[in-house]
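# Residue-level structural notes
Spelled out, the chains give:
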Amino acid sequence: MPVLIKSTFQLVACMPIGKNMYLQMDLNVPCYVGQHLFFTLNLFLPAFICWVVGLPLVGFLIMKRNRANLYERNMKFRYGTLYTGYTLQCYYWECVISIRKCFVLATSVFLTTAGAESQALCGMMICMDCYQEHLWVDCVNRQRARSRTPRRPPAPETDSGSE
């Protein structure tokens, strides 16, 4: 999935050279004219609508429509990986995480010309902002998370003073 999204963004990642914009992947291709305009309209727009916007949106709409039935066997089998680790009120949280991943991938593609430092800084700002939102919303099902951690076996009882 990340490869598809990154490739989608690379279709329109242009950089200025002189007075014109050229495609980062091939500096012989001027942006938004001729062949690039054709690819933008016929490849980028459908891929952006399907993968970047459509997949998280469709996942959210399916879960929202069926939120009363999320823990029934059929729904849990089909979509359980999207909401199992979250509280019942935050069934949508995996869609938020998908959007965050899209922002990080867009940063890696569109800030290529700005340098590695700018990419890292922007990526860290996105992750920190999302982490702050994650803490504020508190969607993690703590009881389920605790059940996944290995339990320490009880300490053996010592028999002191019985001689």
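This structure is a prediction, so every number in the text was calculated from the model and none was measured. The residue count restarts for each chain, going from 1 along the sequence in the order it is written. Where totals are concerned, whole chains, interfaces and linings use all residues; where local detail is concerned, this predicted model gives features only for residues with pLDDT of at least 70, and gives and counts side-chain atom pairs only at 80 or more. By convention in this description, side-chain values take in all heavy atoms of the structure and omit both hydrogens and water.

### Looking at the overall build of the protein chain
Across its full length, the protein chain carries six helices and two strands. Listed by position from the N terminus, the elements making up the protein chain come as α-β-β-α-α-α-α-α. Only protein chains enter the accessibility calculation, which uses a 1.4 Å probe; a residue whose area is less than 20% of its type maximum is buried, one above 50% is exposed, and one in between is partly exposed. Here the protein chain holds 163 residues, and 25% of them are scored as buried. Taking as baseline every contact in the protein chain between residues at least 6 positions apart, the subset at least 24 positions apart corresponds to 52%. A run of DSSP states H or I qualifies as a helix once it reaches four residues; a run of E qualifies as a strand once it reaches two. Both are numbered from the N-terminal end. Should any heavy atoms of two residues lie within 4.5 Å, those residues are counted as being in contact.

### A few points about the packing of aromatic side chains
Between the rings of Phe, Tyr and Trp (Trp by its six-membered ring), a pair exists once the centres lie within 6.5 Å; its type follows the angle of the planes, with under 30 degrees stacked, over 60 edge-to-face, and the other angles tilted. Here the structure, examined in full by the defined rule, presents eight aromatic pairs. Between Phe-9 and Phe-48, the ring centres sit 6.4 Å apart and the planes meet at 55°, which makes this aromatic pair tilted. With Phe-9 in helix α1 (residues 2-10) and Phe-48 in helix α2 (residues 34-65), the pair connects residues that are 39 residues apart, well separated along the chain. Phe-48 sits in the partly exposed class, given a relative accessible area of 28%. An aromatic cluster of three or more residues is present, and its members are Phe-9, Phe-44, Phe-48 and Phe-110.

### Concerning the packing of α1 against α2
Each axis is a line fitted through C-alpha atoms, and for a helix only the stretch in contact is used; angles between axes span 0 to 180 degrees, taken between their N-to-C directions. At a minimum axis distance of 9 Å, the contact between α1 and α2 shows a crossing angle of 150°. Of the two elements, α1 crosses α2, and the hand of that crossing is left-handed. Each of Leu-4, Ile-5, Thr-8 and Phe-9 in α1 lies in contact with α2, whose residues at this interface are Phe-44, Ala-47, Phe-48, Trp-51 and Val-52. Left-handed is the label given to a crossing in which the near helix is rotated counterclockwise from the far helix by less than a right angle, and right-handed is the label when the rotation is clockwise.

### Observations regarding the side chain of Thr-84
Note that Thr-84 resides in the loop between α3 (73-83) and α4 (93-110). Taking the relative accessible area as the measure of exposure, Thr-84 reaches 16% and is therefore buried.

### Some remarks on the state of the cysteines
The term disulfide is used for any two cysteine sulfur atoms that are within 2.5 Å. Summed over all chains, the structure comprises one disulfide. Covalently, Cys-14 is tied to Cys-31 through a disulfide, its sulfur atoms 1.8 Å apart. Judged by the sign of its S-S torsion, about -105°, the cystine formed by Cys-14 and Cys-31 is left-handed. Within this pair, whereas Cys-14 is found in strand β1 (residues 14-17), its partner Cys-31 is found in the loop between β2 (20-23) and α2, the two being separated by 17 residues in sequence. Classification of Cys-31 as buried rests on a relative accessible area of 9%. Here Cys-122 is not cross-linked by a disulfide; its sulfur's nearest cysteine counterpart is in Cys-127, at 9.8 Å. The exposure class assigned to Cys-122 is partly exposed, which follows from its relative accessible area of 24%.

### Concerning α1
Of all the residues in α1, the buried ones are Ile-5, Thr-8 and Phe-9. End-on view of α1: buried residues confined to an arc of 95°, all on one side of the axis. Tucked into the core, α1 has its buried residues touching α2 and α4. Note that the arc is defined by the directions from the helix axis to the C-beta atoms.

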